[in-house]
Amino acid sequence: MKKLFNKQRASLALATIMMISIIAGVFAANTGPTFSDVPTSHWAYSYVERAAEHGWVNGVGNGKFGAENQITYAEMSVMLMRAFYPDTLSYWGGSPDAEWFEPYTAEMALMGLDNGTKADIDYKATAYEPINRYETAQMIYNFMKYDEDVDLNYNAASVQAGISDWASVPSNYREAVTAVVASGIITGVDSKGTFNGNGVMTRAQAAAMMCRAVDVMGEGVSTLNPDATETPAPSETPTGSGLGQKLSSGATAAAGVKEQIGKDDAYPTYGNSDVVSNNGYFTGAPNTDIGNAQLVYDFLDWVNEARVAEGHEALTWVTSDAAEEHTLQRCYELVSDFSHERPEGKFAAEVCAEGYIAPSFAFEGWMNSPGHKQTLMGDKYKYLSAARAGNYWIICVWSDSGIKRAETWAHTNYDYSSLKG
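Computed from a predicted model, the values in this text were never measured in an experiment. (Residues numbered from 1 in each chain as written. Predicted model: local features only at pLDDT ≥ 70, side-chain atom pairs only at ≥ 80, totals over all residues. Heavy atoms only, no water.)

Colleague: Describe the packing of aromatic side chains, listing the residues and the values that go with them.
Modeller: Overall, the coordinates contain 21 aromatic pairs when judged by the stated rule. Here the aromatic rings of Y85 and F143 are separated by 6.0 Å at their centres, their planes lie at 40°, and the arrangement is tilted. Taken as a pair, Y85 in the loop between α3 (73-84) and α4 (88-91) and F143 in helix α7 (residues 133-146) lie far apart in primary sequence, 58 residues in all. Measuring from ring centre to ring centre gives 4.1 Å for Y267 and Y297, while their planes differ by 15°; the resulting arrangement is stacked. One end of the pair, Y267, is in the loop between α10 (203-217) and β3 (294-295); the other, Y297, is in the loop between β3 and α11 (298-309), and 30 residues separate them in sequence. The class of Y297 is buried, set by a relative accessible area of 9%. Put simply, the rings of F84, Y85, F143, Y146 and F361 touch in pairs and so form one group of aromatic residues. Cation over ring: K246 sits above F282, and NZ or CZ is 3.9 Å from the ring centre. (Phe/Tyr/Trp six-rings, centres within 6.5 Å; stacked < 30°, edge-to-face > 60°. Helix = DSSP H or I, 4+ residues; strand = E, 2+ residues; numbered from the N terminus. Buried < 20%, exposed > 50% of the residue type's maximum accessible area, 1.4 Å probe, protein only. Lys NZ or Arg CZ within 6 Å of the ring centre and 35° of its normal.)

Colleague: Let's hear about helix α2 (residues 45-53): which residues, and what values?
Modeller: Burial of α2 is extensive: 7 of the 9 residues sit out of reach of the surface. Restricting attention to buried positions, one finds in α2 the residues Y45, S46, Y47, V48, E49, R50 and A51. Remark: G55 follows α2 within two positions and exhibits a positive phi of approximately 80°.

Colleague: Report on the nonpolar core, specifying residues and quantitative values.
Modeller: The biggest cluster of nonpolar side chains holds 65 residues, and the ones touching the most others in it are F84, V177, I185 and M217. Where this core is concerned, the elements lending two or more residues are α2, α3, α5 (102-110), α7, α9 (174-183) and α10. Element by element, the count of residues in this core is highest for α10, at 11 residues. Excluding its chain neighbours within four sequence positions, the residues that come into contact with V177 are Y134, A137, I163, W166, V169 and F195. Core analysis: the next-biggest nonpolar cluster, separate from the first, contains 52 residues, A323, M377, Y392 and I394 among them. (Core = buried A, V, L, I, M, F, W, Y, C linked by side-chain atoms within 4.5 Å. Contact = heavy atoms within 4.5 Å.)

Colleague: Can you tell me about the pairing of strand β7 (residues 392-398), naming the residues and giving the values?
Modeller: The buried fraction of β7 is high, at 7 of 7 residues. The alternating pattern of β7 places Y392, I394, C396 and W398 and W393, I395 and V397 on opposite faces, both of which are buried. Examined bridge by bridge, strand β5 (residues 349-354) and β7 share 6 bridges and lie antiparallel to one another. The partner of C352 across the bridge, within β7, is I394. The hairpin turn running from strand β6 (residues 383-389) into β7, its antiparallel successor, is 2 residues long, and G390 in that turn takes a positive phi close to 65°. (Pairing = 2+ DSSP bridges.)

Shown next, in the form of structure tokens:
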């Protein structure tokens, strides 16, 4: 349902927020304050408690919140991403030595959510700088525009008339300022409605702003591998323990492969070997490197929807352990060599992508590319498998002969280059 932002809605939203804050403060008081510098008497107590409870923000150490500290670009970015896109860390494919904020700010940059701010130029250089109210408004506005369920419907002239220092608002921030004021996310600093865009914000003010933003836009929901933790049906209880478990049907059990793979028993695969690979598949592969790659099942439904719409037969998920393991291997290979060329040999047709924050964006990119779309619509293929490694994505489409070759050469870690002499 679209959210409408008009003057009446903003008033109602603010009234609701005030009531929620009062109630939250009453309940929070029963357990005592989380931070020593934000007692129950502090004006931002209910906001800080709520933001901390939901994990949008942490304290600064020694039991303190740092309520009067100036909020930095990095802190603001992390708060926003935690609230609205909590899967960010799972998408991160960068260095393990990165600073604490980089998994959030890097993904934020990929999504364009820092557009129009100093962070867009260099998010590392600005990370520890205090962020002013103009730049904060721009970030919030970017999140509002990015959410397709948010309809920025308000009387701009009426909103702007209520901002006493509107004439001094730079043109590049005017849309953002109008939007955040209209929605009640950022309010004026005095009774005149002064926006004071060059002024900085404290961490306490930022916590209040985050609560208002979530009340207006809704909190993000984690959607990665939603079925991966489902328990198999009783008739499909895994046998054995550790790597290489089987279901009673003979399929390789999700519990028997490496947990990072995200295997789902609803998409069964079968091994052609009694020798278990280092990843838990019955392929006989001695040391197949899949790195941080994991399976992505969403692509199957999306590809099939597009295929059926254009008169092609739907594909099924590959039923071969070898095909699935090799898909993970290929995806991880893309991280260091983003290319369709594979010296060790190829077994399936593939489409690859890099830099996308979510599978839906990668799929949209492929559908908008005639060459990639043609591969996915090919009538000679019967099966599909897909994976991701950080921000690298792959879909493999298979024929029976390709699966047979993968199974044949699993014992060499899917390397048959010696035959190409």
